[in-house]
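Architecture and fold: a report
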Amino acid sequence: SAGHLRTILVGGDTLLILVPAVVVLLASVERRSLLRVALALVGLVCLWALGLSATRTSVLVALGLMLVAAAAMLILARPHLSRWALAGGLVLAPIALVVAKLGGAASRLTEAEAPHVGLNFRKDEINSFLGTPATTKYLGQGLAGRFMGKNANGQAVLTGWAHELPVWIALKTGVFGLVCASLALAIMFRRALDALRRGGDRTQVVAGAVVVLGLVVMSMTLDRLALPEGILPFIVGVFLISTAARTTIASAT
């Protein structure tokens with residue numbers, strides 16, 4: 001792609017996007033230096049693999065989730081950071097950026113894209129969906145719903161899947177489904193906040209929230225929540241939030 005050799009991971013990058021943020025959470029509560037080093041290596045290897053894929057969404061979401069995880073633990077736990085911890089963070093941050101850059105993902109942020117490729121491909125899908133009848137857009141077509149999209153060559157193809165999560169949900173269930181999905185996400189994050197306020201396990205709650213948030217954000221252009229490699233970790237994230245919330249309620253009663 002544009003002179004770069006890309007390694008397409010075909011779904012495996014879903015976990016690779018989520019792991020670095022989980023590594024940050026685990027390293028923040030791990031006391032043994034050797035395990036912290038091992039966790040850091042795991043996170044860097046995942047970022048390196050994402051860099052080889054040269055997929056911008058993957059790299060940006062992975063780095064963004066790492067920042068969210070680090071900020072959440074700093075705000076919630078307020079740990080006393082030693083000079084060694086600060087020095088390690090200052091060293092690892094640029095290393096993580098360099099590792100994530102390997103493979104050409106960074107260059108694709110600025111280069112012009114060919115028609116029907118990358119973000120232009122996503123625009124084609126959105127425009128194709130918006131061109132469907134009103135009943136499709138507002139009521140959906142059911143689980144087997146399909147619409148006429150375009151492939152990477154601009155040719156019309158019949159498809160039942162879209163790279164954009166809102167388009168996919170609207171195709172199946174319409175605006176009503178989008179509203180229900182938004183409410184479900186709001187409830188999950190509200191439960192996560194309630195669990196944190198009631199003294200739930202911070203690492204567990206934040207890990208669940210990070211997994212759910214990461215899958216939703218990456219699905220805006222990769223739609224992993226419509227695929228098995230996305231729905232399985234999504235269930236894990238919801239489980240982590242729900243069990244922490246139930247534990248805090250039980251202990252309060």
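Right, let's walk through the structure included here. (Residues numbered from 1 in each chain as written. Predicted model: local features only at pLDDT ≥ 70, side-chain atom pairs only at ≥ 80, totals over all residues. Heavy atoms only, no water.)

Details of the overall build of the chain
Note the following rule: Labels follow the DSSP assignment, with helices taken as runs of H or I lasting at least four residues and strands as runs of E lasting at least two, numbered in each case from the N terminus. Type-normalised accessible area, obtained with a 1.4 Å probe on protein chains alone, sets the label of each residue: buried when under 20%, exposed when over 50%, and partly exposed for intermediate values. Contacts: residue pairs with any heavy atoms within 4.5 Å of one another. Accessible surface is estimated by sampling points in the Shrake-Rupley manner with a 1.4 Å probe; for residues, cover comes only from the protein chains shown.
Counting secondary structure elements, the chain contains nine helices and two strands. In the chain, which comprises 253 residues, the proportion classed as buried is 38%. Contacts in the chain between residues far apart in sequence, at least 24 positions, make up 73% of those at least 6 positions apart. Entry remark: accessible area of the chain is about 14000 Å², with carbon and sulfur atoms responsible for 70%.

Some remarks on the packing of helix 3 (residues 56-77) against helix 8 (residues 202-218)
Selection criterion: In this analysis, axes come from line fits to C-alpha atoms, helices being fitted only over the stretch in contact, and the angle between any two N-to-C directions falls in the range 0 to 180 degrees. Note on terminology: angles under 35 degrees are roughly parallel, angles over 145 are roughly antiparallel, angles of 65 to 115 are roughly perpendicular, and the others are oblique. Note on convention: near helix rotated counterclockwise from far helix by under a right angle means a left-handed crossing. Clockwise means right-handed. For this classification, Asp, Glu, Lys and Arg are treated as charged, while Ala, Val, Leu, Ile, Met, Phe, Trp, Tyr, Cys and Pro are nonpolar and the rest, including Gly, are polar.
Viewed as axis vectors pointing N to C, helix 3 and helix 8 meet at an angle of 155 degrees, and their least axial separation amounts to 10 Å. When the axes of helix 3 and helix 8 are compared, the pair comes out roughly antiparallel. In the crossing of helix 3 with helix 8, the sense of the turn from one axis to the other is right-handed. Here helix 3 contributes Thr57, Val61, Leu65, Val68, Ala69, Ala72, Met73, Leu76 and Ala77 to the contact with helix 8, which in turn contributes Arg202, Thr203, Val206, Val210, Leu213, Gly214, Val217 and Met218. Looking at the contact of helix 3 with helix 8 residue by residue, the class counts come to 13 nonpolar, three polar and one charged.

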